[in-house]
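Examining the three-dimensional arrangement
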Amino acid sequence: MAPRGTTPAYVVGVGLTKFLKPRRTREYPELGFEAGAKAMLDAGITYDDVETGIACYCYGDTTSGQRIFYQFGMSTIPIYNTNNACATGSTGLHMARTLVRNGAVDCVLVIGFEQMSPGSIKSVWSDRPSPMGLSTAMMEDTHGKHDSPRNAQYFGNAGQEYMDKYGAKAEDFAEIARISHEHSQRNPYAQFQQKYTLEEILNSTMIHPPLTKLQCSPTSDGAGAAVICSQSFLDARPHLKTKAILMAGQQLMTDSPQLYSKSAMDLVGFDMTARCAKAAMKEAGVTPKDINVCELHDCFSTNELILLDGLGFCEPGKAHEMVRAGDITYGGNGPIINPSGGLISKGHPLGATGLAQCAELVWQLRGWANNGRLAKDTEVALQHNLGLGGAVVVNVYKRADGKKNTDASPSAEEIAKSSGVGYNPAIEARYVNPDDAQKVRSKQFKEEYALGDTVEKLQARL
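From a predicted model like this one, the values you see are computed outputs, not experimental measurements.

Applying the stated criterion across every chain, the model contains one cavity of 30 Å³ or more. A volume near 60 Å³ is recorded for the largest cavity. Val14, Gly15, Leu16, Lys38, Asp42, Tyr189, Trp363, Ser419, Val421 and Pro425 are the residues that line the largest cavity. When contributions to the lining of the largest cavity are tallied by element, the ones reaching two or more residues are β1 (9–16) and α1 (28–43). Broken down by element, the residue count for the lining of the largest cavity peaks at three residues, all from β1. Grouping the constituent residues of the lining of the largest cavity by class yields six nonpolar, two polar and two charged.

Our next topic: the packing of aromatic side chains. A full pass over the atoms with the stated rule returns eight aromatic pairs. Judged by centre distance (4.9 Å) and plane angle (15 degrees), the ring pair of Phe33 and Phe72 falls under stacked. Placement of Phe33 in helix α1 and of Phe72 in the loop between α2 (64–69) and β3 (79–82) is noted, with a sequence separation of 39 residues between them. On the basis of relative accessibility, which here comes to 1%, the residue Phe33 falls in the buried class. Ring centres of Tyr162 and Tyr166 lie 4.6 Å apart, and the angle between their planes is 55 degrees; this geometry places the pair in the tilted category. Placement of the pair is Tyr162 and Tyr166 together in helix α5 (residues 150–166), with a separation of four residues, close to one helical turn.

The full count for this structure, using the stated rule, is 24 salt bridges. Between Arg366 and Asp42 there is a salt bridge, and its shortest N-O distance comes to 3.0 Å. One end of the pair, Arg366, is in helix α14 (residues 350–366); the other, Asp42, is in helix α1, with 324 residues separating them in the sequence. With respect to burial, Arg366 and Asp42 carry one shared label: buried. Three or more residues are tied together by salt bridges with common partners; here these are Arg26, Glu30, Glu34, Lys38 and Arg461.

Our focus in this paragraph is the sheet that holds β3. With respect to topology, 10 strands assemble into an open sheet ordered β3-β2-β4-β7-β1-β8-β12-β11-β9-β10, the strand pairing being mixed. For this open sheet the edge positions go to β3 and β10 (336–337), each flanked by a neighbour on one side alone. Of the pairings in the sheet, the one linking β1 to strand β7 (residues 222–230) comprises seven bridges and is antiparallel in character. Note on β7: the bridge partner recorded for Tyr10 is Cys229. Of the strands in this sheet, β1, β2 (52–56), β4 (107–114), β7, β8 (245–253), β9 (293–295), β11 (380–387) and β12 (391–399) are in contact with α14, which crosses β11 at around 175 degrees.

This chain's UniProt record puts "domain: Thiolase C-terminal" (unreviewed entry) on residues 263–388. Helix makes up 45% of residues 263–388 and strand 10%, and the two end C-alpha atoms of the span are 14 Å apart.

Our next topic: α1. In an α-helix, one turn spans 3.6 residues, which is why side chains three or four residues apart end up on the same side. Spanning 16 residues, α1 covers 22 Å between terminal C-alpha atoms, matching the ideal 22 Å at 1.5 Å per step. A large share of α1 lies buried, amounting to 15 of its 16 residues. At the exit of α1 stands Gly44, carrying a positive phi of roughly 70 degrees.

Looking now at the pairing of β2. The element β2 is largely enclosed, with a buried count of five among its five residues. A two-sided burial pattern is seen for β2, the buried positions comprising Thr52, Ile54 and Cys56 on one face and Gly53 and Ala55 on the other. One ladder, built from four bridges, connects β2 with β3; its direction is parallel. Paired with Cys56 across the two strands is Thr82, which belongs to β3. Once you follow β2 into α2 and on to β3, the crossover reads as right-handed.

Let us now look at the packing of α1 against helix α18 (residues 454–461). Relative to each other, α1 and α18 sit at 75 degrees, their axes nearing to 10 Å. By the criterion of interaxial angle, the relationship of α1 to α18 is roughly perpendicular. In this structure, α1 uses Pro29, Glu30, Phe33 and Glu34 to contact α18, whose residues at the interface are Thr454, Lys457, Leu458 and Arg461. For the contact of α1 with α18, the class distribution of residues is three nonpolar, one polar and four charged.

This next bit is on the side chain of Arg186. Along the polypeptide, Arg186 turns up in the loop between α6 (170–184) and α7 (198–203). Within polar-contact distance, the side chain of Arg186 engages the side chain of Glu182 at 2.9 Å. For Arg186, the residues in contact, after removing those within four places along its chain, are Tyr330, Asn371, Gly372 and Arg373.

Let us look at the UniProt feature "domain: Thiolase N-terminal" (unreviewed entry) in the chain. Taking the UniProt record as the reference, the feature "domain: Thiolase N-terminal" (unreviewed entry) is found at residues 11–232. In the segment residues 11–232, helix accounts for 39% and strand for 17%; the C-alpha atoms at its two ends are 13 Å apart.

In this section: the state of the cysteines. Overall, the coordinates contain zero disulfides when judged by the stated rule. Of all cysteine sulfurs, the one in Cys299 lies closest to Cys216, which takes part in no disulfide; the gap is 9.2 Å.

Mapping Thr273 onto the fold places it in helix α10 (residues 270–284). Taking relative accessible area as the criterion, Thr273 reaches 0% and is therefore assigned buried. For the pair Thr273 and Thr6, spaced 267 residues apart in sequence, the C-alpha to C-alpha distance is 24 Å. Discounting residues that sit within four places of it in the chain, Thr273 has contacts with Leu307, Gly310, Leu311, His384, Leu386 and Val392.

Each value, and the rule that gives it
Residues numbered from 1 in each chain as written. Predicted model: local features only at pLDDT ≥ 70, side-chain atom pairs only at ≥ 80, totals over all residues. Heavy atoms only, no water. 1 Å grid on protein atoms, 1.4 Å probe; cavity = no way out; pocket = protein on both sides within 12 Å on 5 of 7 lines; lining within 4 Å. Points joined across faces, edges and corners; volume = space filled by probe spheres on them. Helix = DSSP H or I, 4+ residues; strand = E, 2+ residues; numbered from the N terminus. Nonpolar A, V, L, I, M, F, W, Y, C, P; charged D, E, K, R; others polar. Phe/Tyr/Trp six-rings, centres within 6.5 Å; stacked < 30°, edge-to-face > 60°. Buried < 20%, exposed > 50% of the residue type's maximum accessible area, 1.4 Å probe, protein only. Salt bridge = Lys/Arg side-chain N within 4 Å of Asp/Glu carboxyl O. Pairing = 2+ DSSP bridges. Contact = heavy atoms within 4.5 Å. Axes fitted to C-alpha atoms, helices over the stretch in contact; angles between N-to-C directions. UniProt positions renumbered as here; feature names shortened; annotations may be inferred. Expected span 1.5 Å × (residues − 1). Right-handed = clockwise from strand over helix to strand, strands pointing away. Parallel < 35°, antiparallel > 145°, perpendicular 65-115°, else oblique. Polar contact = N/O pair within 3.5 Å; in protein donor to acceptor, adjacent residues only side chain to side chain. Disulfide = S-S within 2.5 Å.

Here is the structure:
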């Protein structure tokens, strides 16, 4: 076997747009440009430093990534366009880290984006076999055919299986959604920022038992970005070391034959998640007890409960007890789960979700998420991003300087200066200033025609 790369990889810049209802109020070239510009401003680099671009999206024509990246410069670098279902954004992070760790490049810009259609997720291809066709057939054989959205059936059935096996109740899933919506009030990028009572969640429209509408993630438009760099790149920029976040462990895995065991839980990736998390934490040298904050793939509240078990945050079959004890939120005895509000409240623009999870955890570890959502005394954070079909990515993050996030305690002035945008982007969601965005465009290879009307649109939003 060829030797594996060991060069450390770091996240040195992140950027997000606000997540929006899918109404074409902003087009993907503008969304991607804003997120990418913010990430490079955060990293203190220009596009001339970027050696590879990775575009992450599910809905769009081929080379949509080039349409975004060319706005920063036409420098002839490789640009990859990736699609791995809902794990697409984190797949881009995996590709970036792999390139850096194996010495192929020193700096990668990853941009995840999506423009979606209103309503539940549907395939755009009706003239060929679906990659989910066999799973759907198995689900219908074991649980019958229903008119409810297919993904809600998958995850509703998985939740019902956990109830039948371990004694969880519908109220446990609703409590997860209640907490997610409560958390979202402090995330300025969240599509929804309204809290609900447990009764309101239980009484919202039934989608597929036990899932009601307020327990399901919405479709969304939005973008996120991250700059991933090598140790030598970071060493040449010592001012970044206090904000650099080490990608200490990472795995991308796909399904085993367990997928077709006729378990509804394994049909949505429970086995895949458990294997992937164990391997990523082993690489990082941590255990579930070391994780103080986690962004996980709560496309439905049932999936969050199952994942608490799969990620090892509780004893097998005890996830609902963890929820009932308040151990998934502030003041509990477990990791704080989805301080961003998760997919349920923040929104789920498929290609951007993994980048948004990354950004939240970077801000947590830096101590920037200081508007009441900071997971205090955090040394290690975990990200979980899942796609049916299937793929799962688990990232384990640590501060590069080895400190806890509360040991750093940067002031508002220090954050504003360090962010490159003049304010704290973890607690304020602003449009990127076109003048700031110009600072990160290539000095040698920028092409004004490639911008289209992006700058004019941004100017009009200020």
